[in-house]
Amino acid sequence: MPDPMVPPTPPVPLEALLARADLGLRRIAGPDDPGTVVHWAHASEMADPYPYLLGGELLLSAGVHIPEGAGAGYFDAYVSRIVAAGGAALGFGLAPVHDAVPGALVEACEMHGLPLLEVPPRTTFSGVARAVWQLMAQARLAELRRVTEAQQSLATAAARPDPVRPVLHQLAQRIGGWAVLFAPDTTELATSGTTPPPETRQALTTLTKVVRPPTATGSHTDAAAGSHTDAAAGSRTDAAAGSRAAGAARVGDGGPPARAEPRVGEAPGERRHVTPAPTPTTASDTVNGTHLAAYALTPGHGYVLGVASPQRTPGDHTIASVAAALLTLLTGQQQSGTGTAHSSALVRLLLGSPPEDVAPLLGGERWRVVHAEPDGQATPDPVSAAALGAALGSALVDPTDEVVRILVPADRPVEPLPGWTLGVSTAAAPPDWPDADTQAARALARARATRAPLLRHGDRPALTDLVPPHDADAHARSLLAPIAAAPALMDTLRTWLSLHGSWDRTAVALSVHRNTVRQRIARCAALLEADLDDPDVRMELWFALRRT
């Protein structure tokens, strides 16, 4: 079985053969179309070569089959059969049978639009065939090199901090078109490349319904789901580059859905079970000269990669398939049972089960909470958050407006990741997850302030372990009571103490001006009636703040 990741052997442009000076071929009839290509060369002296042709051949003949006194009718029938078989061109060899190409043959080729080449006596048919294979080998080598370079660039893009857009950018650049990632509800999550006209863009959105399962959006259109037997028969997988999913043309055509006629003995209104056709993973179409393709990502989840390009070379499908595989890894859950287990855990929590009873469904008893913030001013999007979770080895990801929170099993190491600032809690059992969440938030704040890529909350025994929790909590409430009603003062004091009284780093961590920090700390000192320059006072306040 051929390797689907290897592009098929590219055809040879007829112009490339005509440009070979060593062959000396000359076009004497037929259209001068630069798009004419040759898939192989075949020599035959049969009067009817139709049964022996596959299509795309440069048929070579010395005219041995031509009977003496053959007229225009013979040549018309001969050329029409070549055209019917899909022949690309006809090469007529001069000598030893014919000193010149018969005029009736030239007229027939001109009439049927078949390129006719004159092969000089010095050029053998085997030489022409060898030239075809040489040009094919060169084109294939160039195409393989192009695909390899594209695979490398896509893999490099997938390793970047925000990988989805770089992958789409590389794909659009390599195919010379437009690439888009569709969400399950057909929303364009990310795009790259030259945006096509609105009509083409809408056609690509419609084409995604062919490869999207009906459960992804809740829709049951005949083109997307194949829920009706007649409509399902029109769709097929784009198994090779350039094949077209038939069903795609029906999407959004406004016509009524196909109906299955009742069988003999079946009441007209009686419903019967119809097994839906399997949803294809890829589909393609052409709209206004633009080639469209859709690739299903993370089967069953509804993400789709869409591609629009002005042309479609043999390697384009391979390159797009590589990008689709990478995007599947970035957007999907890779373990078959993970999604079901997580869904079950969520349902149990919503129905009142305690976290410690749900934790085994998630795959571990002790977990770390990670708070992550993208470098720069970027807001984390769901796809980037999913990619971050995949890099940390967890699908339990909660993207918010400012940070991404991830639950990571305690046995999986958390290392710095380019493009992200991370705060990591200590390993905690489910009842202690809220405390771990607070630890991660504080660690992230310190990481931002110190410009460190990752900071972990300390897990060694602390002084607080020596004081009974009830007494420690009571002391903390009493000590901090004057500022307890002002969250801004509490947060500023906690951050300022954690950063050893640094005004600048506290301002960075809280995203405020350092004068604001000074004013708040002065207000804390006044309300607490304490000297915040005294290390004993700082220690006692830090002890109290750790209990809140």
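Rules used throughout
Residues numbered from 1 in each chain as written. Predicted model: local features only at pLDDT ≥ 70, side-chain atom pairs only at ≥ 80, totals over all residues. Heavy atoms only, no water. Helix = DSSP H or I, 4+ residues; strand = E, 2+ residues; numbered from the N terminus. Buried < 20%, exposed > 50% of the residue type's maximum accessible area, 1.4 Å probe, protein only. Contact = heavy atoms within 4.5 Å. Areas by Shrake-Rupley, 256 points an atom, 1.4 Å probe, with all protein chains shown as cover. Salt bridge = Lys/Arg side-chain N within 4 Å of Asp/Glu carboxyl O. Pairing = 2+ DSSP bridges. Axes fitted to C-alpha atoms, helices over the stretch in contact; angles between N-to-C directions. Core = buried A, V, L, I, M, F, W, Y, C linked by side-chain atoms within 4.5 Å. Parallel < 35°, antiparallel > 145°, perpendicular 65-115°, else oblique. Left-handed = near helix turned anticlockwise from the far one by under 90°. Phe/Tyr/Trp six-rings, centres within 6.5 Å; stacked < 30°, edge-to-face > 60°. Arc of directions from axis to C-beta.

Let us now look at the overall build of the protein. Of the regular secondary structure elements, the protein holds 19 helices and 17 strands. By the burial criterion, 44% of the 548 residues in the protein qualify as buried. At a minimum sequence separation of 6, the contacts of the protein that also span at least 24 residues come to 65%. Put simply, the protein shows about 27800 Å² of open surface, and 55% of that area lies on carbon and sulfur atoms.

The next subject is the pattern of salt bridges. Under the counting rule described, the total for this entry stands at 14 salt bridges. Where E15 meets R27, a salt bridge forms, and the shortest distance between an N and an O atom there is 2.7 Å. With E15 in helix 1 (residues 14-18) and R27 in strand 2 (residues 26-29), the pair connects residues that are 12 residues apart, well separated along the chain. Given a relative accessible area of 31%, E15 falls into the partly exposed group.

What the five strands build is an open sheet, ordered 2-7-6-5-4; its pairing is mixed. Because the sheet does not close on itself, it has two edges, and the strands there are strand 2 and strand 4 (40-43). Geometrically, the sheet is characterised by an average inter-axis angle of 30° between neighbouring strands, direction not taken into account. Contacts from helix 3 (residues 103-112) reach strand 2, strand 6 (89-93) and strand 7 (116-119), with the element oriented near 80° to strand 2.

Turning our attention to the nonpolar core. L171 and L305 are the most contacted members of the largest nonpolar core, which has 30 residues in total. Residue assignment for this core shows that the elements contributing at least two residues are helix 4 (125-158), helix 5 (164-175), strand 8 (178-182), strand 11 (290-296), strand 12 (304-309), helix 10 (316-331) and helix 13 (382-392). Sequence-distant contacts of L171, defined by excluding residues within four places in its chain, comprise L154, A179, L305, V307, I319, A320 and A323. Counting 20 residues, the second largest nonpolar core, distinct from the first, contains V12, L117, A129 and A131.

Of note, E402 is situated in the loop between strand 14 (397-399) and strand 15 (404-409). Distance from E402 to A372, taken between C-alpha atoms, is 8.9 Å for residues 30 residues apart in sequence.

With that out of the way, let us pick up the sheet that holds strand 8. In spatial order, the strands read 9-8-12-11-10; together these five strands make up an open sheet with antiparallel pairing. Each edge of the open sheet is held by one strand with a lone partner, namely strand 9 (188-193) and strand 10 (282-287). On average, each strand axis in the sheet is inclined to that of its neighbour by 15°, with strand direction left out of account. The pairing of strand 10 with strand 11 spans six bridges and is classified as antiparallel. Paired with A283 across the two strands is A294, which belongs to strand 11. Along the sheet face, helix 5 touches strand 8, strand 9 and strand 12 and points at about 40° away from the line of strand 9.

Moving on to the packing of helix 4 against helix 5. Where helix 4 contacts helix 5, the axes come no closer than 8 Å and their chain directions differ by 160°. Considering their axes alone, helix 4 and helix 5 lie roughly antiparallel with respect to each other. Note that helix 4 runs across helix 5; the crossing there is right-handed. Each of R146, E149, A150, S153, L154, A157 and A158 in helix 4 lies in contact with helix 5, whose residues at this interface are P166, V167, Q170, L171, R174 and I175.

Here T36 lies in the loop between strand 2 and strand 3 (37-38). For the pair T36 and G56, spaced 20 residues apart in the sequence, the C-alpha separation amounts to 9.3 Å. Not counting residues within four places of it along the chain, the set of residues in contact with T36 comprises V12, P13, L14, A88 and P115.

Quick look at the packing of aromatic side chains now. For the coordinates displayed, the defined rule picks out four aromatic pairs. Consider the rings of Y74 and F75, whose centres lie 5.6 Å apart with planes at 85°: the pair is edge-to-face. With a centroid separation of 6.5 Å and an interplanar angle of 5°, the aromatic rings of Y74 and Y78 are classed as stacked. Taken together, the residues Y74 and Y78, both in helix 2 (residues 72-84) and four residues apart, mark about one turn of the helix. Taken together, Y74, F75 and Y78 form an aromatic cluster joined through their ring pairs.

This part covers helix 3. Taken together, the buried positions of helix 3 are occupied by L105, A108 and C109. All buried residues of helix 3 project into a common sector of 95° when viewed along the axis, lining one side. Seen from the open side of helix 3, the exposed residues pointing more than 90 degrees away from its buried face are E107 and M111. On its buried face, helix 3 sits against strand 2, helix 2, strand 6 and strand 7. Note on helix 3: the residue one or two positions beyond its end, G113, has a positive phi of about 70°.

Before going further, it helps to spend a moment on the pairing of strand 9. Both strand 8 and strand 9 contribute to a ladder of five bridges, which runs antiparallel. What sits directly across from W178, in strand 9, is G193.

With the exception of glycine, most residues fall at negative phi, and the peptide bonds are largely trans. Each neighbour pair has its own omega, and for A95 with P96 the value is 5°, a cis peptide bond. Among the structural elements, P96 can be located in the loop between strand 6 and helix 3. Non-glycine residue A95 carries a positive phi angle of around 65°. Mapped onto the elements, A95 comes out in the loop between strand 6 and helix 3. A residue is classified by how much of its surface remains accessible, and A95, at 35% relative accessible area, is partly exposed. Despite not being glycine, R451 has its phi angle at roughly 55°, a positive value. Along the chain, R451 falls in the loop between helix 14 (433-450) and strand 17 (454-456). Classification of R451 as exposed rests on a relative accessible area of 67%.

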